[in-house]
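Commentary on secondary and tertiary structure
Each chain is listed here by its residues.
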Amino acid sequence: SLYEESRFPALQANVGFALLAFVGGVWIVPRVSEAFIEKGLKGRDLLKPGGRSNGPWIPECLGLPCASWYLGLMMLFIPFPFSHLFKSKSLLGDVGRPESFPHNELTLYLSSLLSLLTATLLGFIDDLFDIRWRHKLPIPIVAAVPTLLVYYSVGGATSVVLPKAVGGWLGGIGLGRFMDGNVVDLGPIYYLYLILLPTFTTNSINILAGINGVEVLQALIISLSVLLNDLLFLPIWPESLLVWMKISNPQQGRILDWAIGEVVDRHLMSFYFMAPLSGVCLGFLWHNWYPAKAFPGDTFCYFTGMAFSAVAIQGHFSKTLILFFIPQIFNFILSCPQLFGLVDCPRHRLPSYDDRSGLLNPSRVIFELPPPRKTVIVLEILSFLKLVKLERLPPINESSKGYIKSSTNLTIINFLLVHFGPMREDKLCILVGIVQVSGSIIAFAIRYGVGSWFYGG
Ligand code: UD1
Ligand code: MG
């Protein structure tokens, strides 16, 4: 088992690696920036004076050195969780290697690294060639196959707790099988969810983008949330605190009833990946914060997104993970009309910069011709829900509302600007951060409060 009293050195080493990840992120970015610009890996900072035509050139795709640094550290870390095996003589067989080596755990670790490498490669290719949507969607699915097979091999659960009515309905149409109580085994459907998870986590971070610091800040907050969730499962908490929180009962002689056996191991594994990830994100944020000296590129979004999926699948907490993506889910649903062609989707949907005030305004998609009926219906609904602001041409007669001439772009960032008014880029980024942290607080409340029945088991 990964966790034993003697394993705390691995945990401590991991915290050391997280610090190294941070320092490395801060150190490496300015040192390679020039080389990236020389190779043409640069983009204009669109929301600065000069904008599209004259904004400052910023090195792009600096997620690559960060991902490389992180992956290097994670490879060097491989021996640590197993280090106690090297010491104990009793485990050495005749040939001088451990007989009961936990191959399962090593496989989990290695398959996660493989998925991460693939995602980094995909992100880098996207940065170099701007792959089309329909081409890049399936690639995280392929990248997730190793992780999914390992999940299957360790007997990964496919059951969820559902209200009897929903479970019965799913069973009735042949999509699930009743276990005991309210537990429904979703079988292949659950795998479908797991297959789509990496596609979602990678792309959803990439499309909540466009202002300095925002991709990296999201990744940092999600990573810290996963880390906190992992910590809850590790037997490191003083008994008095647990009794006070009513999650422990000394009479029963257990610390946390969930903090035992495999569950601890899985969250320990997740911790090993998330602590250095938080480190490298924070290190990179140093350079990506307003006014940005470096852009993350799609490499960063894909690599961090895949890291979240990998640890959640391996750690059997994929349902909890998705709760930390509430702002991304909102942004994705809001974006759907543009992503799927109902409303024009310009290359960039980031806000627009006002040269006079230096503030950001919501950007707009402009309709040269009156938009088709389907589009009008969708936009009217979104406008009714106050998610977009429409601009109309004067009506022809009193009874009509007038053609829609333009709409704010369908992103959470523009939505925030519509609601809170124009603001400076760094303020807006902090606001997105506040939304993300609030999302995580809601996530914890759902996971351990009202919705714990859904997650039970
Ligand atoms: C996604 C978004 C796009 C958004 C872009 C910004 C969708 C479907 N796509 O596209 O709307 O405009 O991210 O990253 O929602 N940039 C800045 N300031 C920043 C970050 C980026 O000006 O803080 C600009 C730079 O010119 C940079 C470019 O955006 O070169 C990077 O865009 P890229 O990440 O390639 O865009 P996508 O991920 O394809
Ligand atoms: Mg991007």
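So, here's what we can say about the structure. (Residues numbered from 1 in each chain as written. Chains lettered and ligands numbered in written order. Predicted model: local features only at pLDDT ≥ 70, side-chain atom pairs only at ≥ 80, totals over all residues. Heavy atoms only, no water.)

**A word on the overall build of the chain**
Note the cut-off: Runs of H or I in DSSP of at least four residues are treated as helices and runs of E of at least two as strands, each being numbered from the N terminus. Partly exposed describes any residue whose relative accessible area lies between the buried limit of under 20% and the exposed limit of over 50%, with all areas from a 1.4 Å probe on protein chains only and scaled to the type maximum. The contact rule is simple, with two residues in contact once any of their heavy atoms fall within 4.5 Å. Residue-level accessible areas treat just the shown protein chains as cover; the underlying method is Shrake-Rupley with a 1.4 Å probe.
Counting secondary structure elements, the chain contains 19 helices and ten strands. The proportion of buried residues among the 457 residues of the chain is 50%. If you take every contact in the chain between residues at least 6 apart in sequence, the share linking residues at least 24 apart comes to 74%. Only carbon and sulfur atoms are counted for the fraction: they give 66% of the accessible area of the chain, which is about 22000 Å².

**Digging into the sheet that holds strand 8 (residues 364-366)**
This is how it is decided: Each pair of strands is called paired provided DSSP finds at least two bridges between the two strands. Each axis is a line fitted through C-alpha atoms, taken for helices only over the stretch in contact, and angles between the N-to-C directions span 0 to 180 degrees.
Reading across the sheet, the three strands line up as 8-10-9 and stay open at both edges, with antiparallel pairing between neighbours. Since the sheet does not close on itself, it has two edges, and those belong to strand 8 and strand 9 (390-392), each with one partner. Pairwise comparison of adjacent strand axes, ignoring direction, gives a mean angle of 20° for this sheet. Where strand 8 and strand 10 (residues 404-408) come together, three bridges link them in antiparallel fashion. Paired with I366 across the strands is S406, a residue of strand 10.

**A few points about the coordination of the magnesium ion (ligand 2)**
The reference angle at a metal is 109.5 degrees if four donors form a tetrahedron and 90 or 180 degrees if six donors form an octahedron. The cut-off we apply is this: For Na, K and Ca the donor cutoff is 3.2 Å, while for all other metals N, O and S atoms must lie within 2.8 Å; water is not among the atoms, so some sites may look incomplete.
The coordination sphere of the magnesium ion (ligand 2), as far as protein atoms go, consists of N206 (OD1) and D298 (OD), spread over 2.1 Å. Separated by 92 residues along the polypeptide, N206 in helix 9 (residues 188-206) and D298 in helix 13 (residues 297-314) bring together distant segments of the chain.

**Topic: the layout of surface pockets**
Keep this limit in mind: Using a grid of 1 Å spacing that covers the protein atoms alone, one calls a set of points a cavity when a 1.4 Å probe fits there but cannot get out, and a pocket when the set is open and has protein on both sides within 12 Å along at least five of seven lines; lining residues are those with an atom within 4 Å of a point. Grid points are joined across faces, edges and corners, and a volume is the space filled by probe spheres set on the points. Under this grouping Gly is polar, as are all residues other than the nonpolar Ala, Val, Leu, Ile, Met, Phe, Trp, Tyr, Cys and Pro and the charged Asp, Glu, Lys and Arg.
Of the pockets and cavities examined, the largest pocket occupies roughly 1200 Å³. Lining the largest pocket are 39 residues, and of these D130, N206, D298, R347 and H348 sit closest to its centre. Going through the elements one at a time, strand 1 (42-44), helix 5 (103-129), helix 6 (133-136) and helix 13 are the ones with two or more residues in the lining of the largest pocket. For the lining of the largest pocket, the per-class residue count stands at 15 nonpolar, ten polar and 14 charged.

**A short note on the pattern of salt bridges**
Rule in force here: The rule for a salt bridge is simple: a side-chain nitrogen of Lys or Arg has to be within 4 Å of a carboxyl oxygen of Asp or Glu.
Enumeration according to the criterion identifies seven salt bridges in this entry. With a closest N to O distance of 3.1 Å, D45 and K48 form a salt bridge. Judged by relative accessible area, which is 9%, K48 ranks as buried. Residues K405 and E391 are paired through a salt bridge, measuring 3.9 Å at the closest nitrogen-oxygen approach. In this pair, K405 is assigned in strand 10 and E391 in strand 9, connecting sequence segments 14 residues apart. According to the relative accessible area criterion, E391 is partly exposed, its value standing at 33%. Within the structure, one salt-bridge network assembled from shared partners comprises D45, K48 and E425.

**Regarding the nonpolar core**
The condition that has to hold: Residues grouped as a nonpolar core are buried Ala, Val, Leu, Ile, Met, Phe, Trp, Tyr and Cys residues, joined through side-chain atoms within 4.5 Å.
If you look at the biggest cluster of nonpolar residues, it comprises 112 residues, and the most contacted ones within it are Y70, F273, M274, L277, F308 and L428. L428 has contacts with I211, P351, L360, I413, L416, L417 and M423, leaving out every residue within four places of it along the chain.

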